[in-house]
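Coordinates in review
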Amino acid sequence: MLDTSRIAFIGGGVMCEAILSRLLKGSSLSADAISVAEPIAARREQLAGKYAVHVTSDNAAAAEQATIVVLSVKPQIMSLAMESIKAGLAQTALVISIAAGVAIRSIQNVLGSQQPVVRVMPNTPAQIGEGLSVWTTTAQVSVAQKEQARSILQAMGREVYVENEHYLDMATALSGSGPAYVFLFMEALIDAGVQLGFSRPVAQQLVEQTLKGSVDFAIASGRHVAELRNQVTSPGGTTAAGLYELESGRLRTTIADAVRAAYRRSIELGKSE
Ligand SMILES: NC(=O)c1ccc[n+]([C@@H]2O[C@H](COP(=O)([O-])OP(=O)(O)OC[C@H]3O[C@@H](n4cnc5c(N)ncnc54)[C@H](OP(=O)(O)O)[C@@H]3O)[C@@H](O)[C@H]2O)c1
């Protein structure tokens with residue numbers, strides 16, 4: 001699928017490395033077909049040394065040769081990065097943006113409305129290949145390009161294609177910001193364990209494995225999570241006492257409000273570009 005592709009990454013940071021390292025391991029793509037444009041010389045040397053990919057400080061030169069361009073710079077740098085590749089970019093080259101909150105409209109404002117564009121909302125576990133990417137395409141993206149995009153995203157973990165960019169704002173609030181909600185919940189549980197008298201490393205170990213085990217169990221069992229919760233809630237028992245406090249603290253509605261606030265903010269930020 002990616003056999004004849006030439007991929008250029010604009011920005012050689014964390015996400016670029018996460019994607020390219022897995023692409024080289026898991027696909028038939030050779031290092032020779034990958035270029036990375038990165039301003040810092042030490043970082044270029046590091047990527048070239050570790051993966052034998054082509055490196056350059058010249059964004060335009062990397063993009064000119066590419067059939068697929070991955071924009072892997074911070075959202076604030078996106079306009080600058082797009083301007084720098086615009087002149088030499090092939091009109092049929094697939095542009096994949098993983099920048100959080102940058103709308104397709106803003107990408108096409110710079111690169112032109114005919115450029116095939118994939119917009120992705122990844123999340124941070126992508127760094128270990130356990131991410132979730134929600135993505136959409138413009139009408140100019142061919143069936144073959146869509147499959148190429150899918151195989152690149154699979155290097156970061158799982159992917160969910162959506163028809164409408166609108167769902168990316170929802171995904172930003174749920175799966176994009178989601179890891180932060182989970183980390184906050186973990187932090188609160190660990191602190192509670194420390195308050196009870198566990199040492200911090202032990203409390204952390206208990207919480208980490210409880211979360212990991214519960215998620216794996218929920219997925220493996222395929223049962224409704226409310227059913228799994230009932231299983232651990234014996235009448236008049238310890239879990240029931242704990243759950244009562246969580247419910248009286250409005251945990252569910254607070255979470256719903258939090259996701260809705262993130263969604264509203266995502267729409268606001270998209271409009272202000
Ligand atoms: N990290 C994640 O798990 C995650 C999750 C969701 C979405 N994302 C999105 O992924 C994108 C990349 O994130 P990241 O974590 O990989 O960021 P990062 O590690 O900071 O990587 C960005 C890279 O681009 C380079 N760069 C800066 N200006 C440039 C320019 N003008 N031309 C070319 N390269 C330039 C940076 O170099 P300098 O060091 O010199 O600035 C850096 O190496 C972001 O848009 C972010 O929203 C990341």
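Going by the structure above, here's the rest.
Residues numbered from 1 in each chain as written. Predicted model: local features only at pLDDT ≥ 70, side-chain atom pairs only at ≥ 80, totals over all residues.

1. Let's talk about the overall build of the protein
In plain terms, the rule: Strands here mean DSSP runs of E at least two residues long; helices mean DSSP runs of H or I at least four residues long; both are numbered from the N terminus. Residues with at least 20 other C-beta atoms within 10 Å of their own are called buried, those with 12 or fewer are called exposed, and the rest are partly exposed. The C-beta atoms themselves are positioned from the backbone. Two residues qualify as a contact pair if the distance between their C-beta atoms, derived from the backbone, is within 7 Å.
Counting its secondary structure elements, the protein contains 12 helices and eight strands. Once the C-alpha set of the protein is aligned to its principal axes, its extents read approximately 70 × 40 × 30 Å. Across the 273 residues of the protein, 31% fall into the buried class. Considering only residue pairs separated by 6 or more positions, the protein has 66% of its internal contacts joining residues 24 or more positions apart.

2. Comments concerning unusual backbone geometry
Of note in the backbone geometry, A52 takes a positive phi value of approximately 60° without being a glycine. Topologically, A52 is positioned in the loop between α2 (41-51) and β3 (54-56). Despite not being glycine, R250 shows a phi value in the positive range, around 60°. If you trace the backbone, R250 turns up in the loop between α11 (238-248) and α12 (251-271).

3. A short note on the nonpolar core
The test is simple: Each nonpolar core comprises buried Ala, Val, Leu, Ile, Met, Phe, Trp, Tyr and Cys residues, the members being joined through C-beta atoms within 7 Å.
Core analysis: the biggest nonpolar cluster contains 55 residues, and I10, I19, V69, L71 and I96 have the highest contact counts within it. Considering each element in turn, this core owes the most residues, six residues, to helix α1 (residues 14-26). Here I19 is in contact with V70, I152, A155 and M156, once residues within four sequence places are set aside.

4. Some remarks on the sheet that holds strand β2 (residues 34-37)
For the record, the criterion: For two strands to count as paired, DSSP must find a minimum of two bridges between them. Orientation is described by lines fitted to C-alpha atoms, with helices fitted over the stretch in contact, and by angles between N-to-C directions that extend from 0 to 180 degrees.
Read from one edge to the other, the open sheet built from eight strands follows the order β3-β2-β1-β4-β5-β6-β7-β8, with strand pairing classed as mixed. Each end of this open sheet is capped by a strand with a single partner; those strands are β3 and β8 (157-161). Shown here is a sheet whose adjacent strand axes are inclined to one another by a mean of 20°, direction ignored. As paired elements, β2 and β3 share three bridges and run parallel to each other. Looking at the pairing, V36 lines up with V55 of β3. In this fold helix α5 (residues 104-111) packs onto β5 (94-97) and β6 (117-121), with an angle of close to 145° to the strand it touches most, β6.

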